[in-house]
Amino acid sequence: MSLDEPPGQQPAPSTARLDPSPKVADEIAKTTCYMCACRCGIDVFLRKDADGTKKVSYIQGNRDHPKNRGVLCAKGSAGIMQHYSPARLRKPLLRTGPRGSGEFKEISWDEALSIATKWLGEVRSRDPKRLAFFTGRDQSQSLTSWWAQQFGTPNYAAHGGFCSVNMAAAGIYTMGGAFWEFGTPDWERTKMFMIFGVAEDHDSNPIKLGLSRLKERGVKIVGVNPVRTGYNAVADEWVGITPGTDGLFVIALIHELLRTGSVDIAYLARYTNAGWLVIDAPGTAENGLFARDEEGRTLIFDRKSHTVRPSDDVDAVPEFDTEVELPDGRKARPVFRIMAETYLDPANAPDRVAKRCGIDAGTIRRLAAELASTAFEEEIVVEQPWTDWLGRRHETMIGRPVSFHAMRGISAHSNGFQTCRAIHLLQILLGSVECPGGFRFKPPYPKPVDAHPKPHAGCKPDSPLDGPHLGYVLGPEDLLIDEENQALRIDKAYSWDAPLAAHGLMHMVISNAVAADPYPVDVLFLYMANMAWNSSMNTGGVMEMLTRTDENGEYVIPKIIYSDAYSSETVAFADLVLPDTTYLERHDCISLLDRPISEPDSLADAIRWPVIEPDRDVRGFQSALIDLGARLGLPGFVTEDGTATYRDYADYIANHERRPGVGPLAGWRGNGDSHGRGPANPEQVDRYRENGGFFETHIPEEAQFFKPWNAAYQDWAVEMGLYDKPAPYLFQLYSEPLQKFRLAAEGFGDRQPPEHARERIATCFTPLPQWYAPLEEAALDTDEFPLHAITQRPAAMYHSWGSQNAWLRQIHGENPLYVPESVADSAGLADGDWAWVISHHGRICVPIRRMAAVNGKTLWTWNAIGKRKGAWALQPDAPEAKRGFLLNHLIHELLPPKGDGLRWSNSDPITGQAAWFDLRVRIEKADAPPDVSQPDTGTQKSPVGTGPDALAYGKAWT
Amino acid sequence: MHPAVSLLLFTTLSGAGFGLIAWTGLGFGPTGTWFAWLDAFVAGLLVTAGLSASAMHLRRPDRAWRAFSQWRSSWLSREAVLAAATSAVFGAYALIWIFTGARLLPLGIIAALLSAITVYATSMIYTQLRTVPRWATPLTPAVFLAFAAAGGALVLSVLEGGRSSPIAAIALVALVLAWIVKVAWWQRAMKTTRASAGASPEQATGLGNIGAVSRFELPHTGSNYLLREMVFQVARRRARAVTRLAVLFGALVPAVLLLIFLSFAPSPALPVLALVSHFAGLLCERWLFFAEAEHAVGAYYGAR
Amino acid sequence: MDMTSLPQPGAKKLGLVIDLDICVGCHACAVACKEWNTSAYGAPLSDQDPYGGQPEGTWLNRIHSYEVKPEGEPAQLVHFPRSCLHCEDAPCVTVCPTGASYKRGEDGIVLVDESMCMGCGLCAWACPYGAREMDMAEGVMKKCTLCVDRIYNENLPEEDREPACVRTCPAKARHFGDLGDPDSAVSRMVAERDGYDLMPDQATKPVNKYLPPRPKTGCDNGAAPDNLAQLATVEPSGLLGWVDKALAMLE
Ligand SMILES: Nc1nc2c(c(=O)[nH]1)N[C@H]1C(S)=C(S)[C@@H](COP(=O)(O)OP(=O)(O)OC[C@H]3O[C@@H](n4cnc5c(=O)[nH]c(N)nc54)[C@H](O)[C@@H]3O)O[C@H]1N2
Ligand SMILES: Nc1nc2c(c(=O)[nH]1)N[C@H]1C(S)=C(S)[C@@H](COP(=O)(O)OP(=O)(O)OC[C@H]3O[C@@H](n4cnc5c(=O)[nH]c(N)nc54)[C@H](O)[C@@H]3O)O[C@H]1N2
Ligand code: SF4
Ligand code: SF4
Ligand code: SF4
Ligand code: SF4
Ligand code: SF4
Ligand SMILES: [Mo]
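Residues numbered from 1 in each chain as written. Chains lettered and ligands numbered in written order. Predicted model: local features only at pLDDT ≥ 70, side-chain atom pairs only at ≥ 80, totals over all residues. Heavy atoms only, no water.

## A word on the environment of Tyr129 of chain C
Turning to step 1, where the next piece is worked out: Tracing the backbone through its elements, the reader meets Tyr129 of chain C in the loop between helix 3 (122-126) and strand 8 (132-134).
Turning to step 2, where the next piece is worked out: The class for Tyr129 of chain C is buried, based on a relative accessible area of 2%.
Turning to step 3, where the next piece is worked out: Once residues lying within four places of it in the same chain are set aside, the contact partners of Tyr129 of chain C are Val297 and Tyr300 of chain B together with Arg82, Leu85, Cys87, Leu198, Met199, Thr204 and Pro206 of chain C.
Turning to step 4, where the next piece is worked out: Within polar-contact distance, the side chain of Tyr129 of chain C engages the backbone oxygen of Leu198 of chain C at 2.8 Å. (Helix = DSSP H or I, 4+ residues; strand = E, 2+ residues; numbered from the N terminus. Buried < 20%, exposed > 50% of the residue type's maximum accessible area, 1.4 Å probe, protein only. Contact = heavy atoms within 4.5 Å. Polar contact = N/O pair within 3.5 Å; in protein donor to acceptor, adjacent residues only side chain to side chain.)

Structure representation (structure tokens):
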């Protein structure tokens, strides 16, 4: 008998000491995660607390969901703490103190919307372009862009320009689909995988699931990254490249493949423009353009008939290595020959690039050989007949089982577009795109560049814009510039500064508006982007710009409206704040018109719905935007009698049609039995809820590979409403639009770049991908700034918004700067020391930590951990504000001055992608360390107070 | 390990208390009933203070009674049971002494034995921990027992009020012996590292066959219970200073005072001063005992 | 008698197998564990100063990362989840004075009965792996329960009766099963991949096993695939002789 039990009672067997089957939930609601843009399916456990109020008690992954198949990341699980965050806004806010102070009064929604309507209405009737409406990583761009188009301002974009437009644009221009989350390696079949410059990425759960599949099958993973953390830590081989040099490395791989004949000639001949003839007439306006016949068809030289034939001639086989005389007497060469000449140049040999890349030449040669041997010696044959767009039947599907993925380590450099194109070239030379074992597109991709809209900027008072804001230009003729060569857009997208700016340049909006270059704005309307903090370069400068006043004491940016759900840094700089709900309290739609959740074998989209009612006076932003649209009387938002077309976002999701039969959601249209196309179904959202929050339909077996050329896929895509007619196309190894810009730089054509832009366009816009040094580095004395400084996404933190999360901030409450051991030794730095890090633009003082598994020239830190004092309902002594820091203070939005008085945006010269990772620095030990990281950006008042001193949220039901 | 004040007081006070009980049980000290009162009161005070201090270490002291249940496996439980048993036997001994004036030697011997076992049990709480290699040695019980004996004797000689009796001499001898044992313990401790107990970072992670292992990132940027409780870091300079204080106040000063007392100045103040000094020294010794002890889990958190 | 003496080792030894070759250090398992156990078994896992200067809290699973430096090769990085190993010779159990800590005979799970714990902390001292954390709000010892309230829970669908951390791990680095059964999937995995014990010298006989990282490709570039030689000898005749051959096959 044990002493702690009353005498006479039998000791209990251990099972009886606990209830192994406790209740887990009163209800489980299935919706979609929002803690990052991956959009995994979640099961939200709801329980009643003591008062009978429904509360969220647990969130797990939805096993049936195509994205995450049951798994959930740290942020996804911690979503519950985001929902319970003390930093959540409670009511609309109107600024009472100076900008940046955080002094507000709470107002009613009616008042807030009336104020917004007044401000916006005035702009719309005076000069709609004086509204700059920019949104962050939301997933409702099909609504927000439509709203902006109906409003009539050309100044709309989402965050892609500072995120990864280089990847999107390089992918679309080259192969009609991109990395990002628009395609994926064939995890089930690939036999070698190379991942460039990725820490987490948007598709973070699918990537992790994929990596585990590769590990299970013993497939080799090669991580190319200056830092060996995360995915690169588990990679079988780590290539610790020097930042900004991937283009050199990849071109050296291409050099090796061409040198050894390890390219897929049949694939190139059939599916790419490798055989197309390019006019060789230097000094003429057609030099470097494709040779075309009278009907405008591109041409090849047919090996069989030894004649020049249209490239879509089914019977012809293109000659690759030749020089032909066209009927008009001009010379022309196939793309392949130009490619071979370009890349076989000894300057591209491994030995020549090794030092600059920080990679051993032997490693480059070996990797090329491994790629080739895997692609060609381990070819996969899938017994699946299919028919191509020219009616040729193929008995099998041949796979080249090597696959690649790349993200911001490539894109966030000013040579990122071309580097990414080089990677695509490598993939295509190996024949490994859209084949079994290679890289595969997810619907609505693939989609050729010319099937995308062109950008528009035609605006007049009280009228909608003349077309969609964003799109893909095919030459200087599509640029958005006026007769004086001035940009039509506030961010100068589609100007000579950033001709292929497919996603706009959100990072330039504030500084351009303040400089009134090209013009000022009246209202800056931001949604879900922390522009006063981590999503801006030169953060301190941006905070100053937002508070800058003119000679009359008026703010230079007169009105700022912002929608956030939490008390972020940017909230403090807004005049009017529209408080959003959390993701568990609103409708959302993850649409094929935007960024759906498809997989390579299936088309899928999803919704969010209010699994719980808000306990405060907040509204879903999309519903508020629809309300604003109606109050402003925007076309489409009001019916003929002037009443609102849509009750709220849920109503819009079900009933809006973008094209006849095509709406935000693809599933259960019409009576609930048609998918893809069909009339609006008022009960559609309910069908989604019943199905676990998503819709998925599988691509027919025959249509699953070779999608750009597969007739069955093309027909299916039309049936699903992805296109209105089949849109087969060939991969563009050689990019004619780029050559058109080069020709313009050479003086051809009626749209001419300004003088100072000519050289840079001529150098950077090569029709075949080439490497050029990142622009900041090229403009600096690299001896003065010998080191690179970059950031990485921590897996367990999402940008700035994870710091309000009681759990995640225990994992990342502060961030050291990681310094390679050799650099630390020469600077005399030990763990825990503080150091000054100095760029051409500024200096910061931060705590450091030594590291061995890193490229020897690279300093790095976790992104966006540092916080401004007073933000996020954190107490003033929060470590995020004391020892956390932003590298952004060192990054200028403009390149160093060149002496010509002009300053270029710190962006890729082709797409305008923000060049976050071009940063060059030096490091010095801080002998008298400050007690908080420098610079100190002051304190903001919290409109929501600070969080509680203790937390045990499960108390209600344990 | 975190040198919690509660544990410093617990081990030192209860050690002295049980030492006092043991010497008393063995028949030392005056026999008068007035002394019985005093002796029993002080022994009770020391033991109770020690045990209360240890209860301060509990987060749920209301459940302390449950600690009597697991004597079969748990040294802490045994310690509790034994402390209670010792107190009961000594209580009986003292009561009989107080009321009859008789000091029953057999009962006293039992109390003394139980005292020794209790102190042994206390020491075994630490000694049994493989996780703390410095503690896991038979020298630890020896140290605890020796200091309990010395402390008990010192207290008794204070209570005797400066009368010359063998107990002061015994205290001196016990003190010298205790420090000899302690020096041996220190000798061993200096050679004992986490690695020697199979808890190097390489063994903790099992990654040693690839190469040398060092911490990159901790699971959390702030602190936690484990760090505060088990990864207490003491600066070497500070440790050296505390060691000097421990030896000075714990050994040298009381020994000299006792020598003076025994040789030519039987002033009642001397044992009192000796006791105060010894106690201060012993607190330093115990502080080091905890503060310098590295726990295996430190290997996971290890600084490089 | 139900004491903190250890039970006779049973046939069934439930535990986890953690694959260090694929753990990407994402902390997903740790957060899912925290979340599950905050609204399940015993008192919620509390957090102190959650929005202040020294935030901390109780976690049952924590993810470390280490740099490992092989001779003459680049340093590696290994992510390392750490939670209770449900030791067969669990010192945390035998030291417990109150009987709150116990190891179940039927499946080997080591648990704390929170209603009996007096918060002395000795069990945490006895555990070499730092697997026990005192809850600062409740004053009771917390540890991994192997999700004993999930794995037998009839309110969960059969397929979800596995630990929260295992269910959520996006890299599938965590596996749950009966390590007492040599034919179980986990046991076979341990046998094939040389799964190992942490700190065997501590004589705790952990049930959980770790699978080592597979060897990395080093910097020896001599080891090219066999066919490279053949590939490299295709010397261009003219500009690229091999192109011609390849295209001829298409004709
Ligand atoms: N957990 C988490 N997930 C996220 C986010 C988050 O904040 N947290 N953010 C989401 C967003 S908005 C985005 S855009 C994606 C971005 O996802 P990632 O593309 O993973 O973005 P980064 O973390 O910036 O990672 C860039 C990587 O490139 C490396 N790198 C830097 N320069 C170079 C270079 O020159 N060459 C090579 N090869 N590598 C280089 C860096 O070391 C780093 O590992 O992640 C999304 N997913
Ligand atoms: N140094 C450096 N800087 C970078 C990068 C880098 O790699 N290095 N990466 C860049 C990239 S790729 C990106 S995408 C940006 C990301 O930077 P941001 O887009 O600024 O990301 P967040 O910090 O997450 O800020 C988003 C805002 O949305 C708010 N929010 C969160 N949930 C909701 C909601 O439900 N509704 C509403 N209305 N608001 C909400 C948050 O409170 C926060 O204020 O950072 C960029 N900045
Ligand atoms: S990756 Fe994580 S945060 Fe992103 S949607 Fe999926 S579970 Fe949510
Ligand atoms: S969830 Fe899996 S991959 Fe992530 S830290 Fe845990 S064990 Fe490692
Ligand atoms: S790991 Fe620690 S807590 Fe778990 S059984 Fe082993 S000794 Fe006990
Ligand atoms: S803390 Fe609780 S479980 Fe641990 S030893 Fe003490 S009483 Fe037992
Ligand atoms: S088994 Fe359960 S309690 Fe243990 S670490 Fe995993 S989730 Fe946490
Ligand atoms: Mo991004």
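## Here's the deal with the interface of chain A and chain C
Turning to step 1, where the next piece is worked out: Listed per partner, the contact involves 110 residues of chain A and 92 residues of chain C.
Turning to step 2, where the next piece is worked out: Summing the contributions of chain A and of chain C, the shared interface buries around 8,200 Å²; its carbon and sulfur component is 57%.
Turning to step 3, where the next piece is worked out: Taken as a group, Arg17, Tyr58 and Arg63 of chain A account for 9% of the area that chain A buries against chain C, more than any other trio of residues on that side.
Turning to step 4, where the next piece is worked out: The tally of links between chain A and chain C comes to 6 salt bridges.
Turning to step 5, where the next piece is worked out: In this structure, Asp244 of chain C engages Arg303 of chain A in a salt bridge whose closest nitrogen and oxygen atoms are separated by 2.9 Å.
Turning to step 6, where the next piece is worked out: The tally of links between chain A and chain C comes to 36 residue pairs in polar contact (both at pLDDT 80 or more).
Turning to step 7, where the next piece is worked out: Counting residues per element, the side of chain A that touches chain C draws most heavily on helix 13 (residues 361-377) of chain A, which supplies 8 residues.
Turning to step 8, where the next piece is worked out: Where strand 35 (residues 950-951) of chain A and strand 2 (residues 47-48) of chain C come together, 2 bridges link them in antiparallel fashion. Each bridged residue has a counterpart across the sheet, and for Ala950 of chain A the counterpart in strand 2 of chain C is Gln48 of chain C. (Buried area = accessible area lost by both parts, 1.4 Å probe. Salt bridge = Lys/Arg side-chain N within 4 Å of Asp/Glu carboxyl O. Pairing = 2+ DSSP bridges.)

## So, helix 23 (residues 755-764) of chain A
Residue pairs three or four apart in sequence face the same way in an α-helix, which turns once every 3.6 residues.
Turning to step 1, where the next piece is worked out: Considered for burial, the residues of helix 23 of chain A that qualify are Ala757, Arg758, Arg760, Ile761 and Cys764 of chain A.
Turning to step 2, where the next piece is worked out: Where helix 23 of chain A is buried, its residues touch helix 15 (416-429), helix 22 (736-745) and helix 24 (775-778) of chain A.

## Comments concerning unusual backbone geometry
Turning to step 1, where the next piece is worked out: Residue Pro444 of chain A is reached from Pro443 of chain A by a cis peptide bond, and omega for that bond is 10°.
Turning to step 2, where the next piece is worked out: Of note, the amide linkage connecting Asp517 of chain A to Pro518 of chain A takes the cis form, showing an omega dihedral of 10°.
Turning to step 3, where the next piece is worked out: Structurally, Pro518 of chain A can be placed in the loop between helix 16 (509-514) and strand 23 (523-527).
Turning to step 4, where the next piece is worked out: In the Ramachandran plot, His799 of chain A falls in the positive-phi region, its phi being about 40° despite a non-glycine side chain.
Turning to step 5, where the next piece is worked out: Mapped onto the elements, His799 of chain A comes out in the loop between strand 29 (787-792) and helix 25 (808-811).
Turning to step 6, where the next piece is worked out: Positive phi, normally seen in glycine, also occurs at His86 of chain C, with a value near 50°.
Turning to step 7, where the next piece is worked out: Among the secondary structure elements, His86 of chain C is positioned in the loop between strand 5 (76-83) and helix 2 (91-94).

## Let's talk about the interface of chain C and chain B
Often, the extent of an interface is quoted as the loss of accessible area on bringing the components together.
Turning to step 1, where the next piece is worked out: Listed by partner, the interface residues are 58 residues for chain C and 60 residues for chain B.
Turning to step 2, where the next piece is worked out: Summed over both sides, the interface between chain C and chain B buries roughly 4,900 Å², with carbon and sulfur atoms accounting for 59% of that surface.
Turning to step 3, where the next piece is worked out: Sorting the residues of chain C by area buried against chain B places Tyr66, Met118 and Trp125 of chain C first, and these three jointly supply 17% of that buried surface.
Turning to step 4, where the next piece is worked out: Linking chain C with chain B are 1 salt bridge, by the criterion used here.

## Let's talk about the site of ligand 4
Turning to step 1, where the next piece is worked out: Close to ligand 4 lie 14 residues; Cys23, Cys26, His27, Cys29 and Cys169 of chain C are nearest.
Turning to step 2, where the next piece is worked out: Per-class residue counts for the shell around ligand 4 are 11 nonpolar, 2 polar and 1 charged. (Near = heavy atom within 4 Å. Nonpolar A, V, L, I, M, F, W, Y, C, P; charged D, E, K, R; others polar.)

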